[in-house]
Amino acid sequence: MGRHLRSQGVRMRRSVLMLSLSLLVSMAYVASVSCGRVQYALSRIRNAARELLTLDEKNPKRIFEGEALLRRMKRYGLLDEGQDKLDYVLALTVENFLSRRLQTIVFKRGMAKSIHHARVLIRQRHIRVGRQLVNVPSFMVRVESENHIGFSLTSPFGGGGPGRVKRKNQKAAAKKAAGGDGDEEDEE
Amino acid sequence: MSSVQQSPALEILVREPDCFSIWAGPPFPNSKPTSKLEKTPCTSTKFSEDGSKLLVTKPNGVVSIYNCKSLTEIRSFEVPNLLASTLSPCGTYLQTFQKSSSPQEKNVMVWNVESGVPVYQLLQKNMSKTTWPSIQFSSDESTACRMVTNEIHFFDPKDFSKGIIYKLRVPGVASIGISKAPGSYLAAFVPEAKGMPASVQIYSCNKDLQTQPLARRSFFRCSSVQFHWNKDSFGVLFVAQSDVDKTNQSYYGETKLNYLTVDGSHEGLVSLKKEGPVHDVQWSISGSEFAVVYGFMPAKATIFDKKCKVLFELGEGPYNTIRWNPKGRLLCLAGFGNLPGNMAFWDCSEKRLLGSTKAECSVTSEWSPDGHYFMTATTAPRLQIDNCVKIFHCDGSLYFTKMFDRLYQAEWKPEAPEKFGEINGLVKSLGGLKIEEPRKQAQGSKVAQPSSSKTANVSAPPAKPAAYRPPHAKNAAVVQQELFGGLAASGSGEMSKNALRNKKRREKQREKKAAEASGAGENDN
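Quick notes on the rules
- Residues numbered from 1 in each chain as written.
- Chains lettered and ligands numbered in written order.
- Predicted model: local features only at pLDDT ≥ 70, side-chain atom pairs only at ≥ 80, totals over all residues.
- Heavy atoms only, no water.
- UniProt positions renumbered as here; feature names shortened; annotations may be inferred.
- Pairing = 2+ DSSP bridges.
- Helix = DSSP H or I, 4+ residues; strand = E, 2+ residues; numbered from the N terminus.
- Axes fitted to C-alpha atoms, helices over the stretch in contact; angles between N-to-C directions.
- Core = buried A, V, L, I, M, F, W, Y, C linked by side-chain atoms within 4.5 Å.
- Buried < 20%, exposed > 50% of the residue type's maximum accessible area, 1.4 Å probe, protein only.
- Contact = heavy atoms within 4.5 Å.
- Polar contact = N/O pair within 3.5 Å; in protein donor to acceptor, adjacent residues only side chain to side chain.
- Patch = residues over 30% accessible without salt bridge, like charges linked within 9 Å, V, L, I, M, F, W, Y side chains within 5 Å.
- Areas by Shrake-Rupley, 256 points an atom, 1.4 Å probe, with all protein chains shown as cover.
- Salt bridge = Lys/Arg side-chain N within 4 Å of Asp/Glu carboxyl O.
- Lys, Arg positive; Asp, Glu negative; His and termini not counted.
- Charge placed at Lys NZ, Arg CZ, Asp CG, Glu CD.
- Buried area = accessible area lost by both parts, 1.4 Å probe.
- Nonpolar A, V, L, I, M, F, W, Y, C, P; charged D, E, K, R; others polar.
- Domains from an automatic or database assignment.
- Phe/Tyr/Trp six-rings, centres within 6.5 Å; stacked < 30°, edge-to-face > 60°.
- Lys NZ or Arg CZ within 6 Å of the ring centre and 35° of its normal.
- Expected span 1.5 Å × (residues − 1).
- Arc of directions from axis to C-beta.

As recorded in an unreviewed UniProt entry, chain B goes by the name Eukaryotic translation initiation factor 2A, listed as coming from Rhynchospora pubera.

Labelled according to an unreviewed UniProt entry, chain A appears under the name 30S ribosomal protein S4, chloroplastic, originating from Rhynchospora pubera. What UniProt states about chain A under its Sequence similarities (unreviewed entry) heading is, verbatim, "Belongs to the universal ribosomal protein uS4 family."

The following block contains the structure:
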């Protein structure tokens with residue numbers, strides 16, 4: 001089992017090496033494992049689309065599953081409104097998927113100073129999508145939720161109180177101001 | 001319909017080096033503007049926002065206020081070391097900024113124009129884009145406020161002697177924007193500081209509700225903000241600009257368009273389909289929709305309603321300016337500045353293109369207050385040659401143009417759009433046009449072919465120079481016609497000598513053959 005997984009990892013890393021250098025540089029934040037994960041998802045989607053395309057045009061399976069696949073792709077913003085044929089699914093790339101991650105979208109919408117800052121913000125529970133706090137940088141953002149990304153209400157960036165470090169510093173400063181003449185209390 | 005009421009006349013202010021004059025507006029009798037006020041010396045001029053008063057700065061620090069109805073000077077102020085002056089929107093107050101000679105002297109003064117008496121004075125060390133005018137008014141002068149470090153001070157515009165009525169504490173505030181009409185909200189921008197994101201907050205101007213912001217939006221990567229309030233203060237559009245583009249796509253930095261509503265129904269980015277800077281964003285005069293021009297060139301233009309939903313797309317094209325018609329339905333998309341000056345006139349309620357034309361090298365552009373004319377002007381100091389004023393009809397046809405040696409300023413006298421009637425006559429005449437409906441995905445520049453409109457109103461593009469004809473084309477019939485004129489036309493009468501000879505020979509041969517044939521026939525018989 002372990003050996004199987006490791007060899008799968010090797011296979012993934014080899015295919016990741018095939019990715020263009022420019023893509024890796026621009027998405028340098030993404031660990032190669034994540035890139036590999038996306039490639040795996042993409043290849044499964046492409047296989048499904050390819051298999052559906054071999055079926056007859058009026059085949060109920062093709063119609064039903066094809067529509068479902070296209071609907072999912074559009075929902076996640078991978079395909080535009082005008083692209084409503086299975087052939088467009090075959091033209092998807094890793095870049096399309098990587099640009100729908102919450103980490104890239106937080107950066108692109110100006111909510112973070114850099115792409116690494118975006119990852120830190122997400123992981124440190126500052127970002128919410130709709131009403132839900134999202135802690136996962138690889139969250140695939142749907143098109144309808146894209147406008148509802150903001151700072152979470154409890155985060156200091158979104159209107160909540162000061163964070164842990166600031167509170168601690170404020171406490172220490174208050175203590176110093178109050179008990180400066182007397183003995184210094186033990187500071188945690 | 002104000003059929004009983006007289007619509008006010010349009011007026012145009014034209015400022016040349018050292019003097020200004022006012023023309024009685026279009027329509028011009030004899031296609032030449034009549035001058036309402038002859039050349040008067042000045043260094044700068046500015047109308048008040050409602051058009052009732054005109055501020056004229058003369059050399060030696062003299063500021064004169066003219067009443068625009070009678071064009072007479074009502075008051076004149078002597079202000080030594082004057083650096084800047086501005087009128088309040090209704091023309092009631094004049095603010096002046098003087099170079100401060102001593103640290104104690106109050107160098108910003110607010111004068112009451114009617115009485116000529118200074119009503120308020122304060123000290124301000126320096127003047128920058130965000131801190132001048134020091135005291136900002138709303139359009140109806142119901143609110144007046146001033147931004148100082150960490151605080152916003154409110155005054156009573158009716159009575160400045162009360163001083164500061166109340167203060168609003170906003171730590172780190174860098175620029176503010178009062179809502180125009182009604183003036184009951186204030187948007188404040190706090191830039192990034194020490195890891196905290198930049199934020200824009202909306203506060204109410206009413207003292208009792210001032211503890212918490214009504215709405216708030218935080219973001220990173222922004223160094224300055226421009227506010228655009230809506231007409232009925234439903235919400236504020238702000239363009240957040242940053243000097244450095246972290247996505248490495250543009251040398252000029254990046255801009256993002258955000259929309260914040262007062263009731264909190266929309267807080268966030270306006271979703272734009274194309275990447276690139278936001279070139280221009282303008283609310284319509286009614287305040288229920290706004291138009292945005294965005295993206296790397298050729299830019300896309302879209303109209304959104306005030307709930308931030310797409311109303312319709314105006315296609316792509318070399319545009320970077322939007323000018324809404326004051327009567328509300330028409331829109332001019334133009335590409336000025338570093339673009340060649342294409343202008344496209346759209347009717348937004350019917351969603352079609354009225355006409356398009358070009359106005360090269362224009363610096364300023366403005367609709368007339370009644371919405372019938374569109375004036376563009378090429379002014380110094382940006383452009384030192386080809387200074388001119390061009391006036392177009394609202395469908396793009398050129399109406400009037402005048403060249404100047406040097407032109408510094410050309411603008412309409414502002415009037416409330418409600419005073420003028422609707423542009424009904426125009427709509428009727430447009431109904432007769434056969435302009436093809438532009439498809440939503442059509443390129444804006446492609447649709448704007450002048451040949452698609454069938455009236456003579458639309459001005460043709462400048463005449464192409466005569467086509468080059470290669471030597472072998474000189475035998476073409478058209479060229480022959482041009483070259484030989486009448487000679488070729490009466491060709492049957494006069495043929496060349498050779499042609500005549502050949503013709504005779506052929507006829508003779510035909511006769512001979514016919515004779516032989518008949519002779520042979522006879523012989524046979």
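Enquirer: Teacher, can you tell me more about the sheet that holds strand E17 (residues 185–190) of chain B here?
Expert: Backbone hydrogen bonds hold the strands of a sheet together, and the pairing may be parallel or antiparallel. All names here are of chain B. Read from one edge to the other, the open sheet built from four strands follows the order E16-E17-E18-E19, with strand pairing classed as antiparallel. Here the strands that pair on one side only, and so sit at the sheet edges, are strand E16 (175–178) and strand E19 (215–219). Here the average twist between neighbouring strands, direction ignored, is 15°. In this sheet, strand E18 (residues 198–204) lies alongside E17 in antiparallel orientation, the contact comprising six bridges. Looking at the pairing, Tyr185 lines up with Ser204 of E18.

Enquirer: Before we go on, may I ask you to explain the nonpolar core in this structure?
Expert: When a protein is soluble and globular, its nonpolar side chains tend to lie buried together. Residue and element names in this part refer to chain A. Among the nonpolar cores identified, the biggest contains 18 residues, and Leu102, Val106, Met111, Leu121, Ile127, Ile149 and Phe151 are the most heavily contacted of them. Taken together, the elements giving at least two residues each to this core come down to helix H7 (102–108), helix H8 (115–123), strand E1 (127–129) and strand E3 (149–151). In this structure, Ile127 is in contact with Val106, Met111, Leu121, Ile122, Leu133, Val134, Ile149, Gly150, Phe151 and Ser152, ignoring residues within four places of it in sequence. If you look at the next biggest cluster of nonpolar residues, it comprises 17 residues, including Cys35, Leu52, Leu86 and Phe97.

Enquirer: What is the right way to look at the environment of A:Asn59 in this model?
Expert: Following the sequence through the fold, A:Asn59 ends up in the loop between helix H3 (32–54) and helix H4 (60–75). At 2.9 Å, the side chain of A:Asn59 and the backbone nitrogen of A:Lys61 are in polar contact.

Enquirer: When you look at a negative patch on the surface in this model, what are you seeing that I'm missing?
Expert: Residue and element names in this part refer to chain A. A cluster of acidic side chains, namely Glu67, Asp80, Glu81 and Asp84, defines a negative patch on the protein surface. Of note, Asp80 is situated in the loop between H4 and helix H5 (86–90). With a relative accessible area of 53%, Asp80 lands in the exposed category.

Enquirer: What should I look at first to understand the pairing of strand E33 (residues 373–378) of chain B in this one?
Expert: Remark: a regular strand shows side chains that alternate across the two faces of the sheet. Residues and elements named next belong to chain B. Taken across its six residues, E33 has six buried, putting it largely inside the fold. The alternating pattern of E33 places Tyr373, Met375 and Ala377 on one face and Phe374, Thr376 and Thr378 on the opposite face, and all of these are buried. Pairing geometry for strand E32 (residues 364–367) and E33, over four bridges, is antiparallel. In the sheet register, Thr364 faces E33, and the bridge partner there is Ala377. Hairpin remark: E32 followed by E33, antiparallel, with five residues in the connecting loop; positive phi at Gly371, about 85°. Where E33 meets strand E34 (residues 388–393), six bridges bridge the pair, whose relative direction is antiparallel. Note that in E34 the partner of Met375 across the bridge is Ile391.

Enquirer: Explain the sheet that holds strand E14 (residues 151–155) of chain B to me, please; I cannot follow it from the model alone.
Expert: Residue and element names in this part refer to chain B. One open sheet holds the four strands; their spatial order is E12-E13-E14-E15, and the pairing between them is antiparallel. Since the sheet does not close on itself, it has two edges, and those belong to strand E12 (135–137) and strand E15 (164–169), each with one partner. Averaged over all pairs of adjacent strands, the angle between strand axes in this sheet comes to 30°, irrespective of strand direction. Here three bridges tie E12 to strand E13 (residues 144–148), and the two strands are oriented antiparallel to one another. Residue pairing in the sheet places Phe137 in a bridge with Ala144 of E13.

Enquirer: Where do I start with the interface of chain A and chain B in this structure?
Expert: Listed by partner, the interface residues are 15 residues for chain A and 16 residues for chain B. Across the chain A/chain B interface, buried area totals approximately 1,400 Å², and carbon plus sulfur atoms make up 55% of it. Its largest share of buried area at the contact with chain B, chain A owes to A:Arg109, A:Lys113 and A:Phe157, together 39% of the area lost on that side. The tally of links between chain A and chain B comes to zero salt bridges. Summed over the shared surface of chain A and chain B, the result is five residue pairs in polar contact (both at pLDDT 80 or more). Those elements giving two or more residues to the side of chain A that touches chain B turn out to be H7, H8 and E3 of chain A. For the side of chain A that touches chain B, the per-class residue count stands at eight nonpolar, four polar and three charged.

Enquirer: Explain the domain arrangement of chain A to me, please; I cannot follow it from the model alone.
Expert: How big an interface is tends to be stated in terms of the accessible area lost upon association of its parts. All names here are of chain A. By the assigned domains, chain A splits into domain 1 (8–98) and domain 2 (102–158). Every contact between the two is made by eight residues of domain 1 and, on the other side, ten residues of domain 2. When domain 1 packs against domain 2, the two sides together hide about 870 Å² of surface, and 57% of this comes from carbon and sulfur. Where domain 1 packs against domain 2, one counts zero salt bridges. Taken together, the connections running from domain 1 to domain 2 amount to two residue pairs in polar contact (both at pLDDT 80 or more). Counting only elements with at least two residues in the side of domain 1 that touches domain 2, the list comes to H4 and helix H6 (94–98). In terms of residue class, the side of domain 1 that touches domain 2 is made up of four nonpolar, one polar and three charged.

Enquirer: I'm lost on the packing of aromatic side chains in this one. Help?
Expert: For any pair of aromatic rings, the description rests on two quantities: the centre-to-centre distance and the angle between the ring planes. Residues and elements named next belong to chain B. Scanning the model with the defined rule gives 28 aromatic pairs over all chains in all. Aromatic pair Tyr259 and Trp283: ring centres 5.9 Å apart, planes at 55°, arrangement tilted. Of this pair, Tyr259 sits in strand E22 (residues 254–261) while Trp283 sits in strand E24 (residues 278–283), placing them 24 residues apart in sequence. A centroid spacing of 5.4 Å and a plane angle of 15° characterise the contact between Phe290 and Phe304, whose relative ring orientation is stacked. Of this pair, Phe290 sits in strand E25 (residues 289–294) while Phe304 sits in strand E26 (residues 299–305), and the two are 14 residues apart along the sequence. One exposure class covers both Phe290 and Phe304, and it is buried. Site record: aromatic cluster; members linked through ring pairs are Tyr93, Tyr120, Phe137, Phe155 and Phe160. It is Lys306 that lies over the ring of Phe234; its NZ or CZ is 4.7 Å from the centre.

Enquirer: I would appreciate a short explanation of H4(A) in the present structure.
Expert: All names here are of chain A. Counted at 1.5 Å a residue, the expected span for H4 with its 16 residues is 22 Å, and the 22 Å between its end C-alpha atoms agrees. Taken together, the buried positions of H4 are Arg62, Gly66, Leu69, Leu70 and Met73. Down the axis of H4, the buried side of the element spans an arc of 100°, and every buried residue falls inside it. Opposite the buried face of H4, by more than 90 degrees, sit the exposed residues Pro60, Phe64, Glu67 and Arg71. Of the residues flanking the start of H4, the one acting as N-cap is Asn59, its side-chain oxygen 2.9 Å from the backbone nitrogen of Lys61. Backbone geometry just after H4 places Gly77 at a positive phi near 80°.

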